[in-house]
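As a plain string of letters, each chain reads:
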Amino acid sequence: MNAIALYFRYIGLSLRGQIQYRASFIMQSLGHLLVTAIEFLGIWALFHRFGNLRGWKLAEVGMLYGLISMIFATADALAKGFDMFGDIVKAGDFDRLLVRPRSTVLQLLGQELTLKRVGRFLQGLIVFVWAIVSLPIDWTFAKVSLLLAAFVGGVCLFMGIVVIQATITFWTTETLEMMNAFTYGGEAASEYPLAIYRGWFRKFFLLIVPLGCANYLPAIAIMGRPDPLHTPQVVQWLSPLAGVVFLTIALQFWKIGVRHYTSTGS
Amino acid sequence: MGQIVVENLAKAFHIAERQAGLLGAIRGVVARKHREVRALDGVSFSLEAGELVGYIGPNGAGKSTTVKILSGILVPSAGRCEVIGRTPWKNRIEHVAHIGVVFGQRTQLWWDLPVIESFELLRDIYRVPQSDYIKHRDELIALLDLEKLLDSPVRQLSLGQRMRCDLAASLLHAPPILFLDEPTIGLDAVSKLAVRDFVKRLNRERGVTVILTTHDMDDIEALCTRVIVIGDGKILSDGTLADLRNRVTRERWLTVDLAEANGAIDDPDVTLIRREGQRVCMSFDPQRISPAALIGRITQKHAVHDLFVENPPIETIIAKLYAEGRG
């Protein structure tokens, strides 16, 4: 069985396990949906009071918000195995993965697909659809492709962050809470246009952890709106690649971590 | 060339020393002191296909480290290791496809899945063709008496049941080599016997090479013809069980049930080991006095209900070996 088919085998089992507790699944998804909906209500209230945010309309922020919410919910659901890696190492379960003739990445991705994230995804989707309907976007095939690419690139980016978080565990054994600054914190920061932040903050989220490439730059290109940061159009169109590059680097880092583990066994 | 060759294997761990108190903890973060621990220090041995070897030693002797290196989980600091011509840590995936590993302490199965589904997932992970899978699975189910357990989730199994399932799970891909790391730990007597019986058949009938680490000397006596003893990262002894006995001690034990309640045995050629009521256990050197002569002398002087001569238990032999190695 090839790696992709095996991945779906793993995920099938994971989903079946979660659906066994159906009531719990429905409640948790609904909870996620409501909590994040209230979050967006907060943003709406701000705009209602102040009209706009440095020239950004509510619908434009809604597009950024909806896109990053969908991206984050998806990445969070896919990379659960890496997210809980600290527990796996502590329990000594990583040894079990190593004695199986498959890549550790595949086995960890197969650990769980967190179904309840669907609540957050749906909430993001609702805001996103409302936003693009309200905005005067003339949709072309290229823009639809860019949107899909931005989604994939963003998911790669967040998964990369979680992979790095897991890799650090090889040295610390504890999952670093600090890394939440990049996952939850990065997600929260990306709900607003990157242009409103200070220079060093912008640079960090464009060049080091390129979260700006996940929603801000592609959204600018899709809206056809002038960018206060004056990024060239070609950069906007190529921005989804940043996430893919980031994940590739994270996976190399992961390999170093596994090598460290096998030489220390701790 | 053996099926498993280990030459001068060494493994050193760097362990951060914890210092006492808050100040020590802070100092530990800034400048950590490291202590080097040699888990393995020049271990060499070679196994032919079809051997069943006991690998024993006290906690921290290097047993688990050796098994982890052999199964590709750990990379050694120095030395050579080949399993069926492959170096375990160089090509992990290819290597682990040809071995089976069972850790007594933790299961290889999926906690929430019924046993049979764990088996099917392992079939896919190990790429076992369906016809082979059915053949191996059915044989293992029959040998280990698993029929009734297949539909239970692993978390509902007793330790003994779980171990039987774990053994089957490690063999679905029919590996020629099996590493068993303390497979009988915590098991009740009946389960221990079942595991031993299975391992013995696997080795005798299928020719599977087995390396067995254990604390349970009964496992060794029941299963292994060859015993490797390790202590402080070095091999202290490697040979048959009989060799080990002869090397360390020639003594044999004589146990006598006396008729009188408080009778004492006073003989220049025996050393008292213990006495429990009427039963007296003592050791003697068969080269100084033959068992027949000794028994004759004792039965002349004392009224005896029963008596028997035996080898000292393997624990005693190992303890002597460690004492020698340290001294």
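Scope of this entry: the structure provided in the associated data block. (Residues numbered from 1 in each chain as written. Chains lettered and ligands numbered in written order. Predicted model: local features only at pLDDT ≥ 70, side-chain atom pairs only at ≥ 80, totals over all residues. Heavy atoms only, no water.)

**What about the sheet that holds strand β11 (residues 270-276) of chain B?**
All names here are of chain B.
Part 1 of the reasoning: Read across the open sheet, the four strands follow the order β11-β12-β10-β13; overall the sheet is antiparallel. Strands with a single pairing partner mark the edges of an open sheet, and in this sheet they are β11 and β13 (304-310). In this sheet, adjacent strand axes meet at a mean angle of 20° when their direction is disregarded.
Part 2 of the reasoning: Strand direction decides the pairing type here: strand β10 (residues 252-258) and β13, joined by six bridges, are antiparallel. The residue bridging T255 from the neighbouring strand is F308, located in β13. (Pairing = 2+ DSSP bridges. Helix = DSSP H or I, 4+ residues; strand = E, 2+ residues; numbered from the N terminus. Axes fitted to C-alpha atoms, helices over the stretch in contact; angles between N-to-C directions.)

**As for the packing of aromatic side chains**
Part 1 of the reasoning: Taken as a whole and assessed by the stated rule, the structure comprises 22 aromatic pairs over all chains.
Part 2 of the reasoning: For the pair F72 of chain A and Y184 of chain A, a centre-to-centre distance of 5.5 Å together with 65° between the ring planes defines the contact as edge-to-face. Within this pair, whereas F72 of chain A is found in helix α3 (residues 58-78), its partner Y184 of chain A is found in helix α10 (residues 180-189), the two being separated by 112 residues in sequence.
Part 3 of the reasoning: Since its relative accessible area comes to 4%, F72 of chain A is described here as buried.
Part 4 of the reasoning: Plain terms: the ring middles of F45 of chain B and Y55 of chain B are 5.9 Å apart, the flat faces sit at 55° to each other, and that makes the pair tilted. Here the residue F45 of chain B occupies a position in strand β2 (residues 34-47), and Y55 of chain B occupies one in strand β3 (residues 52-56), the gap between them amounting to 10 residues. Each of the two residues, F45 of chain B as well as Y55 of chain B, counts as buried.
Part 5 of the reasoning: Grouping aromatic residues by their ring pairs yields a cluster made of F82, F85, F94, F170, W254 and Y261 of chain A.
Part 6 of the reasoning: Sitting over the ring of F103 of chain B, R106 of chain B keeps its end group 5.7 Å from the ring centre.
Part 7 of the reasoning: The ring of Y133 of chain B has R123 of chain B sitting right over it, with the charged end atom 5.1 Å from the ring centre. (Phe/Tyr/Trp six-rings, centres within 6.5 Å; stacked < 30°, edge-to-face > 60°. Buried < 20%, exposed > 50% of the residue type's maximum accessible area, 1.4 Å probe, protein only. Lys NZ or Arg CZ within 6 Å of the ring centre and 35° of its normal.)

**A few points about the nonpolar core**
Part 1 of the reasoning: Ranked by size, the top nonpolar core spans 160 residues in total, and within it M63, F94 and W254 of chain A together with F119 of chain B carry the most contacts.
Part 2 of the reasoning: With 14 residues, helix α9 (residues 141-172) of chain A is the single largest residue contributor to this core.
Part 3 of the reasoning: In terms of nonpolar packing, the next biggest core, distinct from the first, is built from 11 residues, V256, L258, V280 and M282 of chain B among them. (Core = buried A, V, L, I, M, F, W, Y, C linked by side-chain atoms within 4.5 Å.)

**A few points about the sheet that holds strand β9 (residues 234-240) of chain B**
Residue and element names in this part refer to chain B.
Part 1 of the reasoning: Spatial strand order, β5-β6-β7-β3-β8-β9: six strands in an open sheet with mixed pairing. At either end of the open sheet lies a strand with only one pairing partner, and these are β5 (99-103) and β9. With strand direction ignored, the average angle separating the axes of adjacent strands in the sheet is 15°.
Part 2 of the reasoning: Judged from the five bridges that link them, strand β6 (residues 177-181) and strand β7 (residues 209-213) form a sheet pairing that is parallel. Along β7, the bridge assignment pairs I177 with T209.
Part 3 of the reasoning: Lying over the sheet, helix α9 (residues 241-248) contacts β8 (226-231) and β9, oriented at roughly 120° with respect to β9. (Contact = heavy atoms within 4.5 Å.)

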